[in-house]
Amino acid sequence: KDIDASETKDWRDGKGFPPIGICEYYNTQTGLSNVKLFCGTYDGDNHIIFGLNFYPSETECDDYYALFGGVTNSCLKNIILEDVTMRATHVCAALAARIASTSISNCHVNITFTQEDGACIGGLVGAIDVFGEIICCSAKVKDLKGGESGGLVGRLLTPSSNLDPSYIYIKKCYTEGNIYGDWVGGLISSGGRQPMEDCYSLVDM
């Protein structure tokens, strides 16, 4: 069934939804490292998850926020996220903050950002490590602000010298909305030169 997640704005003392899969690296505030990545398959069956809220505090600037925080060796498909609201900090997006060796297909998001600035932010995915496949997906973003921000993906962490398209495969995707910042892109901001196929962006920058 469709899920109304609007009540998440009051969860965790106002910090919102806790990401599925934890991807927190060394934190200068606590000195702790916490990595418990999601590994598996999630099929949304084209039902809508409506009204997710993410409001991490400024002290959580090393955290990764999205429906899925950290993902590896997984498949995410047929997921629709509507009316997502996010105060982005470090690596953030609507669907997945950071992925590695993961396939994403037929996923569509609509997200509004409320922060003044951020770091590595994407509409659909924040950052891709090593390998990522995104097919037939879309992101509608509003007021995305920050360095290394992209309408679809914030940043590719695969070395930019590696031109092998098998590392990052993006096909039949599009973005809409508006983005502000110094290192921004309608689809992807920076970090890689892998080709994309049958994609377009209608993002104002």
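Residues numbered from 1 in each chain as written. Predicted model: local features only at pLDDT ≥ 70, side-chain atom pairs only at ≥ 80, totals over all residues. Heavy atoms only, no water.

### A look at the side chain of Ser 103
Keep this limit in mind: For helices the rule is a DSSP run of H or I covering at least 4 residues; for strands it is a run of E covering at least 2, with both sets numbered from the N terminus onward. Three labels apply to residues, based on accessible area from a 1.4 Å probe with only protein chains included: buried if under 20% of the type maximum, exposed if over 50%, partly exposed otherwise in between. The definition of a polar contact used here is a pair of N or O atoms within 3.5 Å, where within protein one atom must be able to donate a hydrogen and the other to accept one, and adjacent residues in sequence count solely through side-chain atom pairs. Note on contacts: a residue pair is in contact if any heavy atoms of the two residues lie within 4.5 Å.
Take Ser 103: it is sitting in strand 11 (residues 96-105). Among the residues examined, Ser 103 registers a relative accessible area of 19% and is labelled buried. Among the polar contacts made by the side chain of Ser 103, one reaches the side chain of Glu 133 at a distance of 2.8 Å. Apart from residues no more than four positions distant in its own chain, Ser 103 is found in contact with Ser 74, Cys 75, Leu 76 and Glu 133.

### Quick word on the pattern of salt bridges
The test is simple: What counts as a salt bridge is simple: a side-chain nitrogen of Lys or Arg found within 4 Å of a carboxyl oxygen of Asp or Glu.
If you walk through the whole model with that rule in mind, you get two salt bridges. A salt bridge links Arg 98 to Asp 129; the nearest nitrogen and oxygen atoms lie 2.5 Å apart. Within this pair, whereas Arg 98 is found in strand 11, its partner Asp 129 is found in strand 14 (residues 125-135), the two being separated by 31 residues in sequence. The exposure class assigned to Arg 98 is buried, which follows from its relative accessible area of 18%.

### Observations concerning the packing of aromatic side chains
What counts, and what does not: For Phe, Tyr and Trp, where Trp contributes only its six-membered ring, two rings pair if their centres lie within 6.5 Å, and the inter-plane angle classes them as stacked under 30 degrees, edge-to-face over 60, or tilted in between.
Throughout the structure, instances matching the rule amount to five aromatic pairs. An angle of 80 degrees between the planes, with centres 6.1 Å apart, marks the rings of Phe 17 and Phe 54 as edge-to-face. Placement of Phe 17 in the loop between strand 1 (3-4) and strand 2 (22-24) and of Phe 54 in strand 6 (residues 53-54) is noted, with a sequence separation of 37 residues between them. A relative accessible area of 14% places Phe 17 in the buried class.

### Remarks on the sheet that holds strand 20 (residues 184-185)
Going by this rule: Pairing between strands requires that DSSP locate at least two bridges from one strand to the other.
An order of 7-10-13-16-20 is seen for the five strands of this open sheet, with the pairing classed as parallel. Where the open sheet ends on each side, the last strands, each with one partner, are strand 7 (64-65) and strand 20. Alignment of strand 7 against strand 10 (residues 91-92), held across two bridges, turns out to be parallel. Pairing of Tyr 64 across the sheet is with Val 91, part of strand 10.

### Some thoughts on the environment of Gly 150
For Gly 150, the position within the fold is in strand 16 (residues 149-150). Distance from Gly 150 to Ala 93, taken between C-alpha atoms, is 9.8 Å for residues 57 residues apart in sequence. Apart from the residues lying within four places of it in its own chain, the contact partners of Gly 150 are Ile 121, Gly 122, Gly 123, Leu 144, Ile 179, Gly 185, Leu 187, Ile 188 and Ser 189.

### A word on the environment of Gln 115
Topologically, Gln 115 is positioned in the loop between strand 12 (108-113) and strand 13 (120-122). Separated by 60 residues in the primary sequence, Gln 115 and Tyr 55 place their C-alpha atoms 9.3 Å from one another. Not counting chain neighbours up to four residues away, the residues in contact with Gln 115 comprise Met 86, Arg 87, Ala 88, Ile 121 and Lys 145.

### Details of the confidence of the model for the chain
Our working rule: The score called pLDDT rates the predictor's confidence residue by residue, from a low of 0 to a high of 100.
Confidence along the chain averages 86 in pLDDT terms, with 85% of residues attaining 70 or more. Put simply, strand 2 is where the chain has its lowest mean pLDDT, 71, and strand 5 (residues 48-50) is where it has its highest, 98.

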